[in-house]
Amino acid sequence: MIFAKELGDTLRGALDGDRRVVLLGEDIADPYGGAFKVTRGLSTAFPQRVRTTPISEGAIAGISAGLALAGYRPIAEVMFGDFLTLMFDQVVNHITKYQAMYAGQATCPVIVRAATGGHRGYGPTHSQSLEKHFLGVPHLRVVAASLYHDPRVVFADFLGRDEPVLYVEHKLLYPQHLTLPVHGMVGDLIATSDCSPGMLPTIRLSAVPAAECAVSVLAYGYPALLAAKVVERLAMQEEIFAELVVPAQIAPMDWAPVLSSAAATGSVVTVEEGADGWSWGSEAASVLSRRLFGKLRRPVDVVASAPTVIPSSKTKEAAVLVGGAQIEAAIRRAC
Amino acid sequence: MNPVLVPTNDVNSEHGILVMWFAEDGAEVAKDELLAEVETSKAVLEVVAPVAGVLLHAAAKGTEVSLTEPIAQLFATPAERDAYAAARAAAPAAAPDGPRATAKAVRRAVELGVDLASLRLDRLITVKDVEAAVAVPAPAADLPAPLPGAPGRQRILIVGAALGATQVLDILAGSTTQQAVAIVDDDASRWGDLVHGVPVVGGAALISELFTAGAFDAAIIAIGRSPAVRARFRELCASAGVPLANAIDPTARIATDVRLGQGNIICAFCHVATGVRMGDNNFFSAYNSFDHHSVIGSDNASGPSVYTSGRVTIGSRIRFGTGIVIEPDVTVGDDAAIASGAVLVTSVPPEHAVKTKIVTTTVVPLRR
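Reading the values: the criteria
- Residues numbered from 1 in each chain as written.
- Chains lettered and ligands numbered in written order.
- Predicted model: local features only at pLDDT ≥ 70, side-chain atom pairs only at ≥ 80, totals over all residues.
- Heavy atoms only, no water.
- Domains from an automatic or database assignment.
- Axes fitted to C-alpha atoms, helices over the stretch in contact; angles between N-to-C directions.
- Helix = DSSP H or I, 4+ residues; strand = E, 2+ residues; numbered from the N terminus.
- Parallel < 35°, antiparallel > 145°, perpendicular 65-115°, else oblique.
- Left-handed = near helix turned anticlockwise from the far one by under 90°.
- Contact = heavy atoms within 4.5 Å.
- Nonpolar A, V, L, I, M, F, W, Y, C, P; charged D, E, K, R; others polar.
- Salt bridge = Lys/Arg side-chain N within 4 Å of Asp/Glu carboxyl O.
- Buried < 20%, exposed > 50% of the residue type's maximum accessible area, 1.4 Å probe, protein only.
- Buried area = accessible area lost by both parts, 1.4 Å probe.
- Polar contact = N/O pair within 3.5 Å; in protein donor to acceptor, adjacent residues only side chain to side chain.
- Pairing = 2+ DSSP bridges.
- UniProt positions renumbered as here; feature names shortened; annotations may be inferred.
- Right-handed = clockwise from strand over helix to strand, strands pointing away.
- Phe/Tyr/Trp six-rings, centres within 6.5 Å; stacked < 30°, edge-to-face > 60°.

What about the domain arrangement of chain B?
According to the domain assignment, chain B consists of domain 1 (2-90), domain 2 (103-134), domain 3 (146-239) and domain 4 (246-368). Domain 2 of chain B and domain 4 of chain B are separated by 46 Å when their C-alpha centres are compared.

The following block contains the structure:
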């Protein structure tokens, strides 16, 4: 099944298994079933608990916060992650603050799902990966969809805890098939899963064991898929061996698997589709330089998109957003 | 033959479900006749025949199909269709269980005449693997035999041919009671070498065989760095019934009322004070001092200049760096690791590392 259907199936399971779960979002009800068809069929099966809202992300955030405070488990869909900015105040000043302000007597476990990312020719305001602005917001978990993590496991974790979560779903993942590790392999790559207590698993992929790899590549979401293809091709064609490290949760980070990989390879490249500077990769570079000072052969290389507007023209867009070519060049530099 | 493609410019989907075939497999269809319906994430698409012909399905009803691959083929005649279908059925399936190798490894295997299938590796084959397969191990017949040994001396087999072996050989050089007669090492490239006149006779697998043949009396494990490896070889010797011997440098001072186990290597100028109890198979470098009534476990390894006060307890499989001082009554737990320069004023639990901040030099990688 493609990721969009796996995710829809996950949400169906959540609605089925927990009467507190409520889905909200623009145009998520049938027959349209959401812009990316993730919720198709769900409003027919659960008409009371799957509701289309007016076009107001502010309202979606506010209604979700109220529902969560009242004991429901709202899962809000943001049709385009670009409009997460309209939720920013309620996320930063309200939703993430209640639990700590009221010493746990109030909880606000809102789950926000947002379709992010470009490469679709959707232009400057429907193609961005704005999650970096949410990284480091106290008491907010930011989790990225990936083809290496079962969304059922991820949502079971969300619904089992009382913390608010932002789940970013890169649009290009929707039509792809999940590629979960099977017998320790993903395709031709060796796959291992590392997980510190209380964290979601980090998947590590490489053609040969980590100790034989020359560089660690840290990536999440769709760029992780691009990186996996580069890692596999460089290994098979040129015996340039890199280990790809794919966390599900990107803030707060489970650094243990990253440190373990980086210590083994001595060189790190980070990849993200968001705009360059003040980013996930720069935080990773900062942490790794502190934790592994003197143990890396070279500075951490941060690969990110050009810090400018994303063009609608597909050729111009490709020149701005991170693609396989930039990842490959960075891996070659880092070996 | 004409392929039947799903007509779509839906950029959000790469796959769809083949909901229904309206034309049977093998049917003769006209141009623009409705053949099938495919459902994508956006829409249900009708697939029509691009030309007239005889239909060969490439996907079954209800299965997921790629939107970039043909879902069927159209042929001019039924005979052509049947021939194609038969040929496709007869084509051998690509062998997914063949050896996986990098492109470089495949080229190298051709150069060296190595059959990749013969490597039987359950992982990605690299150039290194191909080259290793070519390297012919020295035939067993060419390996040297252990030295005969002088009468009246304990004949020693040394495990490990690296620098630890030279330290043990140096200790035994002045001995009138012990003589090294052979060395074993799992690194086949060392086989046949002489280390200070003592031959490397083969791998550790030989230990049991040589002992049964009466080639030596006791073994000493001359591996200085890794307590885990020391422990592994001690267990190997124990399971083969091979006793371990101590190697004590003549300059070491062993006091009265000391009980030593077996297999301990005690290098030059060490001091083992009165009342000390020491287990088996420790490797203590030069200038180690264990003061009175300290208790020491087994399989430890130390660098030079590790000093304990009295009544210190040291567990097993501990790795000590260089220049370590331990206060009285301190206990160091099993499997701990103690960094150079540490001054232990409190006990260390098992499986803990002691890090030091007494760094007077800073080592950084070279600029490139």
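Back to the write-up after that little detour.
Observations regarding the packing of helix α7 (residues 221-238) of chain A against helix α11 (residues 324-334) of chain A
Residue and element names in this part refer to chain A. For the pair α7 and α11, the least separation of the axes is 9 Å and the interaxial angle reads 55°. In terms of orientation, α7 and α11 fall into the oblique class. Regarding α7 and α11, the two cross each other, and that crossing is right-handed. Taken together, the residues of α11 that come into contact with α7 (itself represented by P223, L226, A227, V230, V231, R233, L234 and E238) are G324, I327, E328, I331 and R332. Classifying every residue of the contact of α7 with α11 gives 8 nonpolar, 1 polar and 4 charged.

Details of the pattern of salt bridges
Going through the model one piece at a time under the given rule, you end up with 31 salt bridges over all chains. A salt bridge links R152 of chain A to D9 of chain A; the shortest N-O distance between them is 2.9 Å. Of the two residues, R152 of chain A sits in helix α6 (residues 151-159) while D9 of chain A sits in helix α1 (residues 3-17), which places them 143 residues apart along the sequence. For R152 of chain A, a relative accessible area of 30% puts it in the partly exposed group. Since its relative accessible area comes to 34%, D9 of chain A is described here as partly exposed. Notably, a salt bridge pairs D329 of chain B with R311 of chain B, separated by 2.9 Å at the nearest N-O pair. Separated by 18 residues along the polypeptide, D329 of chain B in the loop between β26 (324-326) and β27 (331-332) and R311 of chain B in the loop between β23 (306-308) and β24 (313-314) bring together distant segments of the chain.

Points about the interface of chain B and chain A
Each partner contributes to the interface: chain B provides 23 residues, whereas chain A provides 26 residues. Across the chain B to chain A interface the summed buried area is about 2,100 Å²; carbon plus sulfur atoms make up 48%. Linking chain B with chain A are 2 salt bridges, by the criterion used here. Here R40 of chain A makes a salt bridge to E39 of chain B, at a shortest N to O gap of 3.1 Å. For the pair chain B and chain A, the number of links is 7 residue pairs in polar contact (both at pLDDT 80 or more). Put simply, the parts of the chain that give the side of chain B that touches chain A at least two residues each are β2 (15-21) and α2 (103-112) of chain B. Residue contributions to the side of chain B that touches chain A peak at 4 residues, all from α2 of chain B.

Things to note about the sheet that holds strand β20 (residues 283-284) of chain B
Residues and elements named next belong to chain B. Taking strand neighbours across the sheet as the criterion, the 3 strands line up as β14-β17-β20 in an open arrangement whose pairing is parallel. The open sheet terminates on both sides in strands that have one partner only, identified here as β14 (247-248) and β20. Two strands pair when backbone bridges link them, and β14 and strand β17 (residues 265-266) are joined in this way by 2 bridges, in the parallel orientation. Opposite I248, over in β17, you have I266 as the bridge partner.

Structural notes on the UniProt feature "domain: PglD N-terminal" (unreviewed entry) in chain B
Per the UniProt annotation, the sites labelled "domain: PglD N-terminal" (unreviewed entry) are residues 155-232 of chain B. Strand forms 29% of residues 155-232 of chain B and helix 31%; the C-alpha atoms that close the span are 22 Å apart.

Thoughts on the pairing of strand β13 (residues 268-275) of chain A
Residue and element names in this part refer to chain A. Taken across its 8 residues, β13 has 7 buried, putting it largely inside the fold. Here β13 pairs with strand β14 (residues 301-305) via 4 bridges, running parallel. Counted as the bridge partner of V269 is D301 from β14. As a crossover connection, the stretch from β13 through helix α9 (residues 280-291) into β14 is right-handed.

Some details on the packing of aromatic side chains
Residues and elements named next belong to chain A. If you walk through the whole model with that rule in mind, you get 14 aromatic pairs over all chains. Each ring, one from F3 and one from Y174, has its centre 6.5 Å from the other, and the planes form 25°; the classification is stacked. Taken together, the residues span a long stretch of sequence, with F3 in helix α1 and Y174 in the loop between β6 (165-170) and β7 (185-186) at a distance of 171 residues. The same class applies to F3 and to Y174, which are both buried. A connected cluster of aromatic rings, assembled from ring pairs, spans F3, F36, F80, Y122 and Y174.

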